[in-house]
Amino acid sequence: PAMSLKDIYQARGDVASYAALCERMGFSPKDCEHMAEMEKAKRRWKQALAWVEKGLALEPTRNWHNEDARSLDHMKPEILSHLGRKEDALAQSWADFKKQPSEFGYEAFMRYVPKGEQTRWHERAMEVATAGDLGLFMELCVKTKEWSRLAVRIQVATHDELEAVSHYCSEAAAEGLMKRDAAAAAKLYRAMGFRILNAKKSKYHGNALANFESARDLYRKA
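*Asks:* Just checking my understanding: could you explain the overall build of the chain for this structure?
*Replies:* Helices and strands together make up the secondary structure of the chain, namely 14 helices and zero strands. When the helices and strands of the chain are read in sequence order from the N terminus, they spell out α-α-α-α-α-α-α-α-α-α-α-α-α-α. Scaling as 2.2 N^0.38, a compact globule of 222 residues should have a C-alpha radius of gyration of about 17 Å, whereas the chain reaches 23 Å, well beyond that. Referenced to the eigenvectors of the C-alpha coordinate spread, the extents of the chain come out at roughly 70 × 45 × 30 Å. Within the chain, the fraction of its 222 residues that count as buried is 46%.

The following block contains the structure:
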């Protein structure tokens, strides 16, 4: 019944009733996220920030399972920006990016970078991302057209590391590198072929063969 009431209060945008129920039942990060979203919808930014900060404070206190909240970190910079705290918004979104450098995080923090400083912040982001997750780095390089950085990272990566990256990341990176760095592209196609073989999915062996043929042709070109 409490969960049903929360759904009703959320649908009505009734923050007061939702909060009163949580006072009796206890707050979770997800509750704080819902109330922050309701306050955002009404453009009550100070109240929204208060709920975000309460939810973030609750997160590390225990394992919340399905009552955790994944968007509080991302909501905070937006709310800070609406409150006129542009520098704080940038600092928060940059901190989030450094925790897990990704295409999404890059887009998020670059929204708060002042005009004329995009190049400097882009360089900082790429330096941080170079030491991060390989698949996420590939996605970021494809988005930002950082082919030279991508080629260097691939050349120093082991075959096992490349084979662990999903095809979703590897394919776009390999296609982008084909005309720019044949050796790096070949190494990616090789990894994609072995990823299929290692998974022992015979119905995709045709794809593996195509990957190996691309790798062979690119290695010859290189």
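*Asks:* What is the right way to look at helix α10 (residues 147-156) in this model?
*Replies:* An α-helical turn contains 3.6 residues, so a residue and the one three or four places further along point in the same direction. If you check which residues of α10 are buried, you get Trp 147, Leu 150, Ala 151, Arg 153 and Ile 154. End-on view of α10: buried residues confined to an arc of 165 degrees, all on one side of the axis. Exposed side of α10, more than 90 degrees from the buried face: Ser 148, Val 152 and Val 156 are the residues found there. On its buried side, α10 packs onto α8 (118-130), α9 (134-144), α11 (159-163), α12 (167-177) and α13 (182-199).

*Asks:* Where do I start with the state of the cysteines in this structure?
*Replies:* Where two cysteines share a covalent bond between their sulfur atoms, that bond is called a disulfide. Counted according to the given criterion, the structure contains zero disulfides. Counting only cysteine sulfurs, Cys 169 is the nearest neighbor of Cys 141, a cysteine outside any disulfide, at a range of 11 Å. Look at Cys 169 and you get buried, because its relative accessible area is 10%.

*Asks:* It is not clear to me how the packing of helix α6 (residues 86-99) against α8 should be interpreted in this structure. Could you clarify?
*Replies:* Each pair of packed helices can be described by the angle between their axes along with the distance between the axes. Their axes nearest at 10 Å, the elements α6 and α8 cross at an angle of 25 degrees. On the basis of the axis angle, α6 is roughly parallel to α8. Here Leu 90, Trp 94, Phe 97 and Lys 98 of α6 come into contact with α8, specifically with Trp 121, Arg 124, Ala 125, Val 128 and Ala 129.

*Asks:* What exactly am I supposed to notice about the pattern of salt bridges here?
*Replies:* This structure, assessed with the given rule, holds twelve salt bridges. The residue Lys 6 makes a salt bridge to Asp 31 at a minimum N-O spacing of 3.1 Å. With Lys 6 in helix α1 (residues 2-12) and Asp 31 in helix α3 (residues 29-41), this residue pair connects regions lying 25 residues apart in the sequence. Owing to a relative accessible area of 9%, Lys 6 belongs among the buried residues under this scheme. Via salt bridges that share partners, Glu 123, Glu 146 and Arg 149 belong to a single interconnected network.

Cut-offs applied
Residues numbered from 1 in each chain as written. Predicted model: local features only at pLDDT ≥ 70, side-chain atom pairs only at ≥ 80, totals over all residues. Heavy atoms only, no water. Helix = DSSP H or I, 4+ residues; strand = E, 2+ residues; numbered from the N terminus. Rg over C-alpha atoms; globule rule 2.2 N^0.38 Å. Buried < 20%, exposed > 50% of the residue type's maximum accessible area, 1.4 Å probe, protein only. Arc of directions from axis to C-beta. Contact = heavy atoms within 4.5 Å. Disulfide = S-S within 2.5 Å. Axes fitted to C-alpha atoms, helices over the stretch in contact; angles between N-to-C directions. Parallel < 35°, antiparallel > 145°, perpendicular 65-115°, else oblique. Salt bridge = Lys/Arg side-chain N within 4 Å of Asp/Glu carboxyl O.

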